[in-house]
Amino acid sequence: MAGADADDALLVLTAMLLTPARFPSVLGDDYVAACAALALEPYEEGYGLVLGQDGEGARWTVVVDDVSLVAVAIAAWDCGMAHDLSPDERSVVCALPGWPLALTVAAPGVPAPHDPETDGLGPAPLAPPDPESWGPAQRRLGADEIAERWALWREQIDDAVFVRPDGERRGEAAEGTGSDGAGSENSSGPGSGSGDEPGSGSTVGGGSAEPGAPAAGHHPGVRRALSEAVAYTRTPPPPGRIRSVFASAATRTLRVDGPGWSMVARTDDIALILLDEEPGAVLPVGRGPALPGLLEALDALAPHPV
């Protein structure tokens with residue numbers, strides 16, 4: 001494999017897909033950007049990323065073009081089954097030093113994980129984003145966390161935040177309804193309080209989740225995110241900006257990204273937005289009259305891998 005000792009087998013720790021439908025959000029807002037971060041061509045078929053250590057404990061991310069091989073391994077591991085992932089050398093595209101994400105596991109019988117010595121040749125080692133700061137990578141990782149643990153985050157948001165018992169919107173949120181009609185206000189739901197559960201002092205994308213500002217109509221960043229999401233339905237964005245995964249028989253979980261913002265939504269429920277300018281804050285968007293149609297249109301644009 002390029003950049004590594006061919007006689008030193010990789011001790012595989014984990015793997016992930018890099019395809020238009022599924023890729024590590026830490027790398028970019030869309031599939032094209034994620035490929036660019038690894039200096040790869042954004043081929044439609046995609047790649048597999050295999051993370052492991054060599055015999056000296058050095059971290060390597062091996063890129064392979066056998067996507068099916070990696071997908072089968074991931075599916076087996078997700079089901080709790082043992083599966084040996086050993087990509088054929090002919091499928092290896094390149095080997096990049098480092099890991100794009102932090103791993104909590106390490107290979108047995110070798111030194112602790114560390115970046116390989118490259119003597120300044122080749123690309124700089126990949127590294128996870130700083131968990132103590134907030135930026136695009138942390139924002140996207142925060143949105144991924146919410147998507148994976150939707151029920152725990154959703155239960156922190158009282159529906160009364162959006163609608164009064166008499167059917168009218170609470171406070172000034174209704175006055176801030178954007179052109180798409182989806183009502184929104186800043187919330188102290190997920191990301192407030194203390195404890196270990198989402199919505200009670202957990203971390204969002206590496207930065208501490210914090211309450212939003214006092215409700216005063218639409219946050220300008222939320223308005224921008226919704227406007228750009230609506231624009232996606234008119235002019236489809238780059239592959240990967242909109243991703244959709246199975247949630248239940250009739251429901252999908254959407255992950256939508258744009259410059260400076262990320263959205264997580266269930267097609268039968270509300271949406272949650274994270275912004276670069278609001279470190280750790282999770283801003284809910286109520287169903288309103290137009291959000292259901294927007295989510296349906298976004299889902300129709302997303303690839304639905306079998």
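Scope of this entry: the structure provided in the associated data block. Every value quoted in this text rests on a predicted model; they were computed, and no experiment measured them.

Once that is clear, we can look at the pairing of strand S8 (residues 251-258). Of all eight residues in S8, eight are buried; the element is thus mostly enclosed. The side-chain alternation of S8 yields two buried faces, one formed by Thr251, Thr253, Arg255 and Asp257 and the other by Arg252, Leu254, Val256 and Gly258. The pairing of strand S7 (residues 242-248) with S8 spans six bridges and is antiparallel. Bridge pairing in S8 places Val245 opposite Thr253. Joining the antiparallel neighbours S7 and S8 is a turn of two residues. Here S8 runs beside strand S9 (residues 261-266); their pairing, made up of six bridges, is antiparallel. Bridge pairing in S9 places Thr253 opposite Arg266.

Moving on, we come to unusual backbone geometry. With phi around 60 degrees, Ala39 is a residue other than glycine that occupies positive phi space. Here Ala39 lies in the loop between helix H1 (31-37) and strand S2 (47-53). For Ala39, a relative accessible area of 70% puts it in the exposed group.

With that out of the way, let us pick up the packing of aromatic side chains. Any two aromatic rings considered together are summarised by their centre-to-centre distance and by the angle between their planes. In the structure shown here, the tally under the stated rule is two aromatic pairs. With a centroid separation of 6.3 Å and 50 degrees between ring planes, the pair formed by Tyr43 and Tyr47 is classed as tilted. Tyr43 sits in the partly exposed class, given a relative accessible area of 49%. Here the basic side chain of Arg59 rests over the ring of Trp99, its NZ or CZ set 5.5 Å away from the ring centre.

Our focus in this paragraph is the sheet that holds S8. Read across the sheet, five strands follow the order S7-S8-S9-S10-S11 without closing on themselves; strand pairing throughout is antiparallel. Among the strands making up the open sheet, the edge pair consists of S7 and strand S11 (283-285). Shown here is a sheet whose adjacent strand axes are inclined to one another by a mean of 20 degrees, direction ignored. Against the sheet, helix H3 (residues 136-148) engages S8, S9 and strand S10 (271-275), with an angle of about 175 degrees to S8.

This part takes up the nonpolar core. Membership of the largest hydrophobic core comes to 23 residues, with the highest contact counts inside it found for Val256, Trp261, Met263, Ile273 and Leu298. The set of elements that each furnish at least two residues to this core consists of helix H5 (220-234), S8, S9, S10, S11 and helix H6 (291-301). In terms of residues, this core owes the most to one element, H5, which gives six residues. Non-local contacts of Leu298, meaning those with residues more than four positions away in its chain, are made with Ala229, Tyr232, Thr233, Ile242, Leu254 and Val256. Among the nonpolar cores identified, the runner-up in size contains 19 residues, and Val26, Tyr31, Leu51 and Trp99 belong to it.

Rules of the game
- Residues numbered from 1 in each chain as written.
- Predicted model: local features only at pLDDT ≥ 70, side-chain atom pairs only at ≥ 80, totals over all residues.
- Heavy atoms only, no water.
- Buried < 20%, exposed > 50% of the residue type's maximum accessible area, 1.4 Å probe, protein only.
- Helix = DSSP H or I, 4+ residues; strand = E, 2+ residues; numbered from the N terminus.
- Pairing = 2+ DSSP bridges.
- Phe/Tyr/Trp six-rings, centres within 6.5 Å; stacked < 30°, edge-to-face > 60°.
- Lys NZ or Arg CZ within 6 Å of the ring centre and 35° of its normal.
- Axes fitted to C-alpha atoms, helices over the stretch in contact; angles between N-to-C directions.
- Contact = heavy atoms within 4.5 Å.
- Core = buried A, V, L, I, M, F, W, Y, C linked by side-chain atoms within 4.5 Å.

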